[in-house]
Amino acid sequence: MAVIDIDNWADDELLTESERLELRALDSRAFGKAAFSRQPEGVHLKLLLEKAISELEDRLGTFCGSDVDEKDIHSDIFLKLGHYSLLLERFPQALSAYQKYLSLNEDSYWKNTAFLFGLGIVYFHFNSFHWAIRAFQHILYCDQSFSRTKDVHLFLALLFKNTRDFTSCSKHFNFALCDPSESLLLTFPEIKFHEAHGEELQGNNAQAKKGFEEILLYEGLDAKTKALVLKQLGWLHETVEEFGTEVNARVSAAVDFYHQSQDCNPEDGEVYYYLGRCHALLGDVQAAFGYYRSAIDKRESCPDTWCSIGVLYQQQGQPSDALQAFICAVQLEEDHVSAWLNLGILYESEKQCRDAFICYQNASRKSRDLTEALRPRLESLRAEVMASQQKNKLSMNSPTFKQQGLIQGGTQNAQLGSHNRKLHSIDEAWNLPIPAELTSRRRVKNSKRGSEPTIMDIGSTVQPGGPGLIVSDGDIVGGKRQRQGNAPIHGQEAVPAFPPEEFEQMRSLETQLKTMGQLQPSLQMRLSQLKVKFQQFQTGQSKRLVLASSSSVASPPSASAIPGSIPQLGPSESTAYQHQSAVAAPYLTQSNGNNFAPEQVLDINIKMDTNENSAPSKPSLDLTDTLNVLHSMVDRGAQATLLPVKDAAKLLSESTHTGELKEEHDLRQPLPPIFNVQGTTWKPKEVPPSIHIHLSPELLKTVKDYDNNVDDVDAWRVLNHELPPPLPPEVPKNSTPEQNGGSEHSNIAWLHPPTPTVTVESKREAYSEKLMEYVLLKNQPVTVIKGLTTALKIDLSLFTTKSLCEYNPEHPVEVRNQVNQPPDENWGGPPGEYVFQCWPCSSSKATSTITKYAHYQVSMFLAHQQEAQSGTNSSPSTKNGTTPQCSSPELSSAEGSPSKSKRGKKQKFKPIKFGTNVDLSDEKKWGPQLQEISKLPIFCRLISAANMLSHLPHTILGMNSVQLYMKVPGCRTPGHQENLNFCSVNINIGPGNCEWFAVDTEYWGVIQRLCERNNTNFLHGSWWPLLQDLEDMKVPVYRFIQKPGDLVFINAGVVHWVQSTGFCNNIAWNVGPLNGYQYSLAVERYEWNKLQNYRSLVPMITLTWNLARNVRVTDQSLYLGMKACLIKSLKYNELCLEEIREKVKPPVEVRWHGRQHGELVNFCATCDQEVFNILYTKQQLPPVPSSDLLLPPGEQNLNSGIPNSVSAVTHQGKPQVYVYCRSCAFRLSSNLQHFVILQEYKVEDLTLILNHFKLKPKDAVLEKPNS
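A brief report on the enclosed structure follows.

Basis of the calculations
- Residues numbered from 1 in each chain as written.
- Predicted model: local features only at pLDDT ≥ 70, side-chain atom pairs only at ≥ 80, totals over all residues.
- Heavy atoms only, no water.
- Helix = DSSP H or I, 4+ residues; strand = E, 2+ residues; numbered from the N terminus.
- Buried < 20%, exposed > 50% of the residue type's maximum accessible area, 1.4 Å probe, protein only.
- Contact = heavy atoms within 4.5 Å.
- Areas by Shrake-Rupley, 256 points an atom, 1.4 Å probe, with all protein chains shown as cover.
- Core = buried A, V, L, I, M, F, W, Y, C linked by side-chain atoms within 4.5 Å.
- Phe/Tyr/Trp six-rings, centres within 6.5 Å; stacked < 30°, edge-to-face > 60°.
- Lys NZ or Arg CZ within 6 Å of the ring centre and 35° of its normal.
- Axes fitted to C-alpha atoms, helices over the stretch in contact; angles between N-to-C directions.
- Parallel < 35°, antiparallel > 145°, perpendicular 65-115°, else oblique.
- Left-handed = near helix turned anticlockwise from the far one by under 90°.
- Nonpolar A, V, L, I, M, F, W, Y, C, P; charged D, E, K, R; others polar.
- Pairing = 2+ DSSP bridges.
- Expected span 1.5 Å × (residues − 1).
- Polar contact = N/O pair within 3.5 Å; in protein donor to acceptor, adjacent residues only side chain to side chain.
- Lys, Arg positive; Asp, Glu negative; His and termini not counted.
- Salt bridge = Lys/Arg side-chain N within 4 Å of Asp/Glu carboxyl O.

**Concerning the overall build of the protein**
For step 1, the next point in the chain: Of the regular secondary structure elements, the protein holds 42 helices and 23 strands.
For step 2, the next point in the chain: Counting across all 1267 residues of the protein, residues that qualify as buried make up 57%.
For step 3, the next point in the chain: Long-range contacts, defined here as pairs at least 24 residues apart, represent 77% of the contacts in the protein between residues at least 6 apart.
For step 4, the next point in the chain: On the protein, roughly 53500 Å² of surface is accessible, and the fraction owed to carbon and sulfur atoms is 51%.

Written as structure tokens, this is what we have:
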């Protein structure tokens, strides 16, 4: 059957030919260009899109009932449906269509950047952040001339901001600021607002305040953005102590900012909420309640407001009203920790222990920071509840009561003081009908046509012991209360009311019936009437639930806070999009039910959420002390939970908890299943990994023959352009012994393999070819070589602390401030606290000198020796200062041994300093040291013709130069792969040991995904893997001890992390063996870095040309990989020169620049990519000044080697020359105006190198050691 194409429908009467031509020009790149409800053109376009969608859906409907195979339906139909639905902001339908297109084009979808852009926006809308990041990154990688590149950078900046990757966030904001094109997403003040807000989220409050104040000076600042800035300044003054030690003064200043924000945007309900908080802090209760009421009128579905109202009611002695307010908060946001914690405090103050236990347990589950703090209260409450249960069982003889204990009885007299209970139990309060006092108020307000009630009128109803604040009538959709006033949803009947007094009467009569066995006839009749009425009420609520879910699909209650922003991109009132069963595109045939309903919050069963290593029970704490402690926790938690972040940056809903994200980062299941036309489920496809370079036979031909295959100058890359963008590898298919029926012991052995170890006893063995072949085996991630330094008579004493002080005592040392932890654990928590195990490991950076760090190292060693001699050390050390494996003397101050669970007691660790990155590259300063390591065999020698990195034109610190590390016990080198997956050599100088962990390169994709799930960046983040997580993912881990004199050789691409267990120094550098395996991994990571917008330290194109000129290549796979890179880069240079000569008007002259010996390789000032041969240079003032990214004094005009030269500043007010890549240059100026084009190599010379580059026979002789 022929493929059904959308263009074959030209004879249809529904659309005219002119309309079809107009529709063909529309795709996702038009998103945001037309405001359909405000402009006549937009209204016309909206009608046209609806007609087109109707026609496409009709066509699909006819296919669904026929025998047409879905593969015969042209994928462009689904692509158009996705584009048109996106332009109409019908995100569920767009998602369904885009994913259907993806399933039909899984081999080539990445070539369609308009599809990737639309898919990224949809994922952005549904808060599937990591999938959205992948889509937008693929656009930048595949199409460097994409028309909306600036908006792609802004999307990525917002996404990285939400995932707390502030380094990447700042980089993409800088990209956007340097792009002169127009953005349809954010204006310049809005971008600066997000930058300042990012500083605030990092705790840089002074810089954030300065950034917000600078925005206010911007001319033409719109009212809504100004209101946001003023509101954020008010929040900073309200909560940050560094802006004033006097609380009342700071709060008064915050009130002034809030009032200014209120004047700029009177409809912002959040400002009223923060004004209420401030007045509550100042003790003005009436004003606080008034502002809270106004906040509810402006934005009803905010859980923070209800939580604060509950706290205020609790302080005024109105527990019933406080209970209703807290219940509203947790129903609106089930993860609202402060509301659950306050509910627990409320119930405990009323002696309702069972309900307090449930609330505390929910709070501890939602916030791991509170787990340890609440554990004593949970244990004490559980004991009291169980004791009450036993007491009531003994006092009651009813058979019914004996069959129903505390758990089944629910609201019976099973808890303490139930006969005098003042509050509804938690399960009663959850289902209790809510009276509609506020609804009547809203009717009054609406009758006044928007007239705002006065603060005094609203606050006058709040009196101690008065009626209190009652929640308005509302619907619950997916566990969230949607305040809709008193008007029913369209098509729904009125729900019969069931007042709380009747509910309480019904419960009382049921209790009497179960206790006494019978009731008086009149009471029995009354009970039957109440049950019937309550059943009608519940049935009506169920109908409202179904109708609400179908009528409020993807309809956030408020629009975005920033003008010009994308509407409906994650409302601040909810943490994630609630996927309803009614969310289905009209062209899909069936629904899967609500598989994404909120997790059940209430835990009726009284069970401790503990683990096998939980702490033993502690005596019951005094209730007054407990309330004081928990109230202080609520205050601290409110500062984290009630940040004005969500409405201030509504383009992206911020997570309310800093520890973890709401979404599950399983990249294989990002969103609910979508159904195709055949009714079977399908999910987004993973792109197959591209680890090795796949070359076609045409790549071995001449440049002229290769011309027809590589003619897209915008799609330049080293990897084969027919392959999809590189992705981390999937989990290896190597089955574990357990899967093959092996024993548990064999499975454990497989997950903890022995480390390959070689002992060298003579110089001949050290230089033997067999040793090199053994070390470089692909399936051998790491090798420990013992006795090598002794056999070669290498004097390691030259690298001891004493020798270093003698040679260059004032040499700089980078110092990392860390804490001493067990090697197989990593504890985290709030700043300065360690309450749970996690992956991110933080350390602050400082600078020192060798002499200063030597004093610290010696003082620590002497203190350690004194502790060992006095017997205060819990684990005796060895004579050389090495502590036993997995322990350290500094842990003796901790209260008990650290727990192996991810949550446990608050740990106490001793702070330590790690002296790292001591540069030994200067031959004049470190000549004797460098001469000693030149004795090593060629496979691990620093400078050798067989080492790729020796052919770089300049020095890269730590790679083709030696770096030294000075350590005390507990110093950590976090998990990482070496730059561009090159091999690594590390020698322990001693006298102590180091403990190593290593994972084979085929598992780096698993670790990368684990880093994402643990909110840390694999490339530039600092992380320490938890061994239990790796074991759960079936990742084998090599673990071994490096003793003094041992050489550790890390093979290409191996993930590893190291911790010192004693006092020692280490030296390390990188090497690049001349084989195809090393080269392919380096190129793969070079392209992966480009995809991640991460700068590669090694310029692979320049390195490849130097290798082709200097080295006789005998490895065929290495030859093919280098040949492909040479041909592609030469062809790209020819295309660039041809474009400059023929397409740029007026013509731009290409000037000869050449290269000098030792000159640094150039990188683009905007995108940080390597710029080879053709340099697009421009003299200008820096667009984005930054104090920490300065050009070094005396730097050459070309910005070679600058980490991010976009942010470089001028020297003494003089403009600097910046180097750009081709795409960034044309983005700045389409005709290259004010650009100077420089050429470093002649095309004839490069062609000569390529022609002479041949595969040599394998007759190369191993290089002999230096004399």
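**Focus on the nonpolar core**
For step 1, the next point in the chain: Grouped together as the largest cluster of nonpolar side chains are 144 residues, with contacts concentrated most on Phe-136, Phe-982, Val-1098, Met-1100 and Tyr-1176.
For step 2, the next point in the chain: In terms of residues, this core owes the most to one element, helix α40 (residues 1116-1142), which gives eleven residues.
For step 3, the next point in the chain: Discounting residues that sit within four places of it in the chain, Phe-136 has contacts with Phe-117, Gly-120, Ile-121, Val-152, Phe-155, Leu-156 and Leu-159.
For step 4, the next point in the chain: One finds Tyr-272, Ala-295, Ile-296 and Leu-332 within the second-largest nonpolar core, a separate group that totals 56 residues.

**Considering the packing of aromatic side chains**
For step 1, the next point in the chain: Using the criterion set out here, one finds 35 aromatic pairs in the structure.
For step 2, the next point in the chain: Between Phe-193 and Phe-212, the ring centres sit 5.5 Å apart and the planes meet at 45°, which makes this aromatic pair tilted. Taken together, the positions of Phe-193 in helix α9 (residues 188-201) and Phe-212 in helix α10 (residues 205-216) put the pair 19 residues apart, joining distant regions of the chain.
For step 3, the next point in the chain: Phe-212 gets classed as buried once you look at its relative accessible area, which sits at 0%.
For step 4, the next point in the chain: Seen in terms of ring centroids, Phe-289 and Tyr-313 are 4.8 Å apart; in terms of plane orientation they differ by 50°. Their pairing is tilted. Residue Phe-289 is found in helix α14 (residues 285-298), and its partner Tyr-313 is found in helix α15 (residues 303-315); the two are separated by 24 residues along the sequence. Like Tyr-313, Phe-289 is buried.
For step 5, the next point in the chain: Joined through ring pairs, the aromatic side chains of Phe-117, Phe-124, Phe-136, Phe-146 and Phe-155 make up one cluster.
For step 6, the next point in the chain: Sitting over the face of the ring of Phe-243, Lys-209 holds its NZ or CZ atom 5.7 Å from the ring centroid.

**Re the packing of helix α11 (residues 223-239) against helix α13 (residues 269-281)**
For step 1, the next point in the chain: It is the contact of α11 with α13, at a shortest axis distance of 11 Å, that shows an interaxial angle of 20°. By the angle class used here, α11 and α13 are roughly parallel. For the pair α11 and α13, the sense of crossing is left-handed. Counted together, Lys-231, Trp-235 and Glu-238 of α11 and Glu-270, Val-271, Tyr-274, Arg-277, Cys-278 and Leu-281 of α13 form the full contact between these two elements.
For step 2, the next point in the chain: Partitioned by chemical class, the residues of the contact of α11 with α13 number five nonpolar, no polar and four charged.

**Quick notes on the sheet that holds strand β15 (residues 994-999)**
For step 1, the next point in the chain: Taken in spatial order, the four strands of this open sheet run β13-β18-β15-β16, and their pairing is antiparallel. Every interior strand has two partners, whereas the edge strands, β13 (972-976) and β16 (1038-1042), have only one. On average, each strand axis in the sheet is inclined to that of its neighbour by 15°, with strand direction left out of account.
For step 2, the next point in the chain: Judged from the six bridges that link them, β15 and strand β18 (residues 1055-1060) form a sheet pairing that is antiparallel.

**Details of helix α3 (residues 75-87)**
An α-helix turns once every 3.6 residues. As a result, residues three or four positions apart point the same way.
For step 1, the next point in the chain: For α3, spanning 13 residues, the distance from its first C-alpha to its last is 19 Å, which sits close to the expected 18 Å at 1.5 Å a residue.
For step 2, the next point in the chain: Residues of α3 that are buried: Ser-75, Ile-77, Phe-78, Leu-79, Lys-80, Leu-81, Gly-82, His-83, Tyr-84, Ser-85, Leu-86 and Leu-87.
For step 3, the next point in the chain: Two residues or fewer after α3 comes Glu-89, characterised by a positive phi angle close to 60°.

**Quick look at helix α8 (residues 166-178)**
For step 1, the next point in the chain: Over its 13 residues, α8 runs 18 Å from end to end, which matches the ideal 18 Å to within 8%, given 1.5 Å per residue.
For step 2, the next point in the chain: All of the buried residues in α8 are Phe-166, Ser-168, Cys-169, Lys-171, His-172, Phe-173, Asn-174, Phe-175, Ala-176, Leu-177 and Cys-178.
For step 3, the next point in the chain: On its buried side, α8 packs onto α6 (129-142), α7 (149-162), α9 and α41 (1222-1228).

**Section: unusual backbone geometry**
For step 1, the next point in the chain: Gly-990 connects to Pro-991 through a cis peptide bond whose omega is 5°.
For step 2, the next point in the chain: With respect to the helices, strands and loops of the structure, Pro-991 is situated in strand β14 (residues 983-991).
For step 3, the next point in the chain: In this model, Lys-1145 is joined to Pro-1146 through a cis peptide bond whose omega is -10°.
For step 4, the next point in the chain: With respect to the helices, strands and loops of the structure, Pro-1146 is situated in the loop between α40 and β20 (1150-1152).
For step 5, the next point in the chain: Even without a glycine there, the phi angle at Glu-89 is positive, about 60°.
For step 6, the next point in the chain: Along the chain, Glu-89 falls in the loop between α3 and α4 (91-104).
For step 7, the next point in the chain: Glu-89 sits in the partly exposed class, given a relative accessible area of 29%.
For step 8, the next point in the chain: Positive phi, close to 60°, is recorded for Asn-127, a residue that is not glycine.
For step 9, the next point in the chain: Following the sequence through the fold, Asn-127 ends up in the loop between α5 (113-125) and α6.
For step 10, the next point in the chain: For Asn-127, a relative accessible area of 6% corresponds to the buried category.

**Points about the side chain of Asn-820**
For step 1, the next point in the chain: Considering the arrangement of structural elements, one finds Asn-820 in the loop between β7 (812-819) and β8 (827-828).
For step 2, the next point in the chain: Its relative accessible area of 0% is what places Asn-820 among the buried residues.
For step 3, the next point in the chain: A distance of 3.4 Å separates a polar side-chain atom of Asn-820 from the backbone oxygen of Pro-969.

**A short note on the sheet that holds strand β12 (residues 963-967)**
For step 1, the next point in the chain: Ordered in space as β5-β6-β17-β14-β19-β12-β11-β7-β10, the nine strands form an open sheet in which the pairing is mixed. The open sheet has two free edges, formed respectively by β5 (757-759) and β10 (844-849), since each of these has just one partner strand. Across the sheet, the axes of successive neighbouring strands diverge by a mean angle of 25°, strand direction being ignored.
For step 2, the next point in the chain: Along the sheet face, helix α34 (residues 850-870) touches β7, β10, β11 (911-919), β12 and β19 (1064-1071) and points at about 140° away from the line of β11.

**Quick look at the pairing of strand β23 (residues 1235-1239)**
For step 1, the next point in the chain: Counting buried positions along β23 yields four of five residues, so the element is predominantly enclosed.
For step 2, the next point in the chain: As paired elements, β20 and β23 share three bridges and run parallel to each other. For Trp-1152, the partnering residue across the bridge sits in β23 and is Gln-1239.
For step 3, the next point in the chain: By the bridge criterion, five bridges tie strand β21 (residues 1174-1180) to β23 in an arrangement that is antiparallel. Bridge pairing in β23 links Tyr-1176 to Ile-1237.

**Remarks on the side chain of Lys-967**
For step 1, the next point in the chain: Mapped onto the secondary structure, Lys-967 falls in strand β12.
For step 2, the next point in the chain: Buried charge without a partner: Lys-967 forms no salt bridge, and the closest opposite charge is Glu-978, 11 Å away.
For step 3, the next point in the chain: With residues up to four places along the chain from it excluded, the contact list for Lys-967 reads Tyr-853, Gln-857, Phe-914, Cys-994, Val-1058, Ser-1060, Gly-1062, Phe-1063, Cys-1064, Asn-1065 and Asn-1066.

**Quick look at the pattern of salt bridges**
For step 1, the next point in the chain: Applying the stated criterion to the full structure yields 23 salt bridges.
For step 2, the next point in the chain: In this structure, Lys-231 engages Asp-268 in a salt bridge whose closest nitrogen and oxygen atoms are separated by 2.7 Å. Of this pair, Lys-231 sits in helix α11 while Asp-268 sits in the loop between α12 (247-264) and α13, placing them 37 residues apart in sequence.
For step 3, the next point in the chain: Assessed through its relative accessible area of 1%, Lys-231 is described here as buried.
For step 4, the next point in the chain: Accessibility expressed as a relative area gives 10% for Asp-268, which makes it buried.
For step 5, the next point in the chain: Put simply, Lys-231 and Glu-270 hold a salt bridge, and the shortest N to O gap is 2.7 Å. Taken together, the residues Lys-231 in helix α11 and Glu-270 in helix α13 connect sequence positions 39 residues apart. When sorted by exposure, Lys-231 lands in the same class as Glu-270, which is buried.

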